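Now for the letters of each chain:
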Amino acid sequence: MLKVIRESSGHTQEQFAEQLGVDIATVQGWESGRRPLMATSTGMYFALRRALLKLGTRPRLLDQLDSAVEADRFVGFVLGTEIRDLALDDHPLASWVITRPFTDLVAWPFTQTTPSALSGTGRKTARRGPVATAPTLLPDERAHFFDHLKIAAERADTSRVDGLLLRRPAHYVASFDESDDTAGWLTETQRAEERRAGRAGDWTPSWAVIRSGAHTLARIGDREGLQHFIRTRLTDERCELANLNYWAYWLGEVTESQVTDLFMVELSPGSWRGTEILRHLSSKLDSDNPYVDVVAHTLWALIMLRPAALEPGTADDLQRRVARLMDEDGVSAQSRRELEAVAYALRMTDRG
């Protein structure tokens, strides 16, 4: 992340070191990981942030640097903990509801996908020779990382809220491993969670685990699992609100950190506007998107709850995207009905 910041400012490592008042070996150590930035003193880290701000670094990149330090701490915890010594009560994933920036950064070494918050970040410095475009881990480190998460998910105490909180992201982050073995494990774990939770009904912390698992299965190619979740577990007002509250948190409309999944039903929908959710969902209306069915459903639910989120510019673009998607195959019958309702609401907005 520090390397992205340096390159976006157009500085070489030598220039960057001079501006920050450190030697070039320090900058190289930070960027390569040989000298972890999280190992610096608090005073040094804040001095570095102030220097970066003075160099013209955009505030959103500094926010990403903070998330990167947190992600680095988490990866370091996993790699530094033997499975036999795993203490779940102290596990980082059991202490807070992880955010989209954090998750994107943790996934970066495995998916090689640039975090969404870095889209459009220019890299202005010249390069010589092969240069890594993403963080990397050694094969044995990758294997340990995913083994750790699978064991953590399996051992989590599902009778406790923090145990379910641990189980949910451990299952999700484990899906960054694209091996067939992990795909089978993800499917079986989701089935076991659904059996344990029993019949669909009111919201419980287990609902949040099943929701996350359904999204995971869709990402690895099982769209039916997500469609099943929509049909069976997004059927009442409380669960619909929980889904919308989670989207608001995931996309940053809810900025306060959450320590349990209970926020999904305890948070007032008046605490977020919905405009960012609507813009994001609109941009994801694509039949090739593995999450397209939940995108369509959530879009429908959002407009029913918060029609004021339909701003003029957004509404025009959304109308075009909905019409294009309805002309294509690739969405469920339920999604098509919900998109028709969205299209009708958009026409009424135009008339108003």
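Since this is a predicted model, take the numbers as computed values, not measurements.

**Notes on the packing of helix H5 (residues 59–79) against helix H7 (residues 139–155)**
Line of reasoning, step 1. Where H5 contacts H7, the axes come no closer than 9 Å and their chain directions differ by 90 degrees. Judged by the inter-axis angle, H5 sits roughly perpendicular to H7. Contacts from Phe-74, Val-75, Phe-77, Val-78 and Leu-79 in H5 reach Glu-141, His-144, Phe-145, His-148 and Leu-149 in H7.
Line of reasoning, step 2. Of the residues that constitute the contact of H5 with H7, the class distribution is 7 nonpolar, 2 polar and 1 charged.

**Notes on helix H14 (residues 275–283)**
The α-helix advances 3.6 residues per turn, and as a result positions three or four apart in sequence lie on the same side.
Line of reasoning, step 1. Along H14, the positions that sit buried rather than exposed are Thr-275, Ile-277, Leu-278, His-280, Leu-281 and Ser-282.
Line of reasoning, step 2. Buried residues along H14 sit against helix H6 (100–111), helix H12 (237–250), helix H15 (292–305) and helix H16 (312–326).

**Some details on the pattern of salt bridges**
Line of reasoning, step 1. The full count for this structure, using the stated rule, is 15 salt bridges.
Line of reasoning, step 2. The partner of Arg-73 in a salt bridge is Glu-70, and the shortest N-O contact between them spans 3.2 Å. Taken together, the positions of Arg-73 and Glu-70, both in helix H5 and 3 residues apart, correspond to about one turn of that helix.
Line of reasoning, step 3. Residue Glu-70 is classed as partly exposed on the basis of its relative accessible area of 27%.
Line of reasoning, step 4. A salt bridge links Glu-224 to Arg-231; its shortest N-O distance comes to 2.8 Å.
Line of reasoning, step 5. For Arg-231, a relative accessible area of 42% gives the class partly exposed.
Line of reasoning, step 6. Each of Asp-89, Arg-160 and Asp-162 takes part in a single network of salt bridges with overlapping partners.

**Some details on H15**
Line of reasoning, step 1. Over its 14 residues, H15 extends 20 Å from the first C-alpha to the last, a length consistent with the 20 Å expected when each residue adds 1.5 Å.
Line of reasoning, step 2. Where burial is concerned, most of H15 is hidden: 11 out of the 14 residues are buried.
Line of reasoning, step 3. By the burial criterion, the buried members of H15 are Val-292, Asp-293, Val-294, Val-295, Ala-296, His-297, Thr-298, Leu-299, Ala-301, Leu-302 and Ile-303.

**Comments concerning empty space enclosed by the protein**
Line of reasoning, step 1. Counted under the stated rule, the structure contains 1 cavity of 30 Å³ or more.
Line of reasoning, step 2. Quantified by volume, the largest cavity comes out at close to 40 Å³.
Line of reasoning, step 3. Arg-167, His-171, Thr-189, Gln-190, Glu-193, Val-209 and Gly-213 together form the lining of the largest cavity.
Line of reasoning, step 4. It is helix H9 (residues 180–197) that provides the largest number of residues to the lining of the largest cavity, a total of 3 residues.
Line of reasoning, step 5. Here the residues of the lining of the largest cavity are counted per class, giving 1 nonpolar, 4 polar and 2 charged.

**Quick word on the side chain of Gln-258**
Line of reasoning, step 1. Mapped onto the elements of the fold, Gln-258 is located in the loop between H12 and helix H13 (263–266).
Line of reasoning, step 2. Each residue touching Gln-258, except ones within four places of it in the same chain, is listed here: Trp-96, Val-97, Tyr-249 and Phe-263.

**Structural notes on the nonpolar core**
Line of reasoning, step 1. Grouped together as the largest cluster of nonpolar side chains are 105 residues, with contacts concentrated most on Leu-52, Phe-74, Phe-145, Leu-149, Trp-207 and Leu-318.
Line of reasoning, step 2. Setting aside chain neighbours within four positions, we find Phe-74 in contact with His-91, Pro-92, Leu-93, Phe-102, Val-106, Phe-145 and Leu-149.

**What to know about the packing of aromatic side chains**
Aromatic rings in a pair are described by how distant their centres are and how their planes are angled relative to each other.
Line of reasoning, step 1. Following the criterion strictly, the structure yields 13 aromatic pairs and no others.
Line of reasoning, step 2. Judged by centre distance (6.1 Å) and plane angle (20 degrees), the rings of Tyr-246 and Trp-250 are stacked. Placement of both Tyr-246 and Trp-250 in helix H12 is noted, with a separation of 4 residues, approximately one turn of the helix. In this pair, the class of Tyr-246 matches that of Trp-250, namely buried.
Line of reasoning, step 3. Centroid distance Tyr-249 to Phe-263: 5.1 Å. Interplanar angle 50 degrees. Geometry classified as tilted. Residue Tyr-249 is found in helix H12, and its partner Phe-263 is found in helix H13; the two are separated by 14 residues along the sequence.
Line of reasoning, step 4. Look at Tyr-249 and you get buried, because its relative accessible area is 3%.
Line of reasoning, step 5. Three or more aromatic residues joined by ring pairs make a cluster, and in this case those are Phe-74, Trp-96, Phe-102, Phe-110, Phe-145 and Phe-146.

**Thoughts on the environment of Gln-64**
Line of reasoning, step 1. If you trace the backbone, Gln-64 turns up in helix H5.
Line of reasoning, step 2. When the C-alpha positions of Gln-64 and Ile-5 are compared, they lie 9.7 Å apart, and in sequence the two are 59 residues distant.
Line of reasoning, step 3. Excluding residues within four positions of it along the chain, Gln-64 makes contact with Met-1, Pro-101, Leu-105, Pro-115, Ala-117 and Leu-118.

Reading the values: the criteria
- Residues numbered from 1 in each chain as written.
- Predicted model: local features only at pLDDT ≥ 70, side-chain atom pairs only at ≥ 80, totals over all residues.
- Heavy atoms only, no water.
- Axes fitted to C-alpha atoms, helices over the stretch in contact; angles between N-to-C directions.
- Helix = DSSP H or I, 4+ residues; strand = E, 2+ residues; numbered from the N terminus.
- Parallel < 35°, antiparallel > 145°, perpendicular 65-115°, else oblique.
- Contact = heavy atoms within 4.5 Å.
- Nonpolar A, V, L, I, M, F, W, Y, C, P; charged D, E, K, R; others polar.
- Buried < 20%, exposed > 50% of the residue type's maximum accessible area, 1.4 Å probe, protein only.
- Salt bridge = Lys/Arg side-chain N within 4 Å of Asp/Glu carboxyl O.
- Expected span 1.5 Å × (residues − 1).
- 1 Å grid on protein atoms, 1.4 Å probe; cavity = no way out; pocket = protein on both sides within 12 Å on 5 of 7 lines; lining within 4 Å.
- Points joined across faces, edges and corners; volume = space filled by probe spheres on them.
- Core = buried A, V, L, I, M, F, W, Y, C linked by side-chain atoms within 4.5 Å.
- Phe/Tyr/Trp six-rings, centres within 6.5 Å; stacked < 30°, edge-to-face > 60°.

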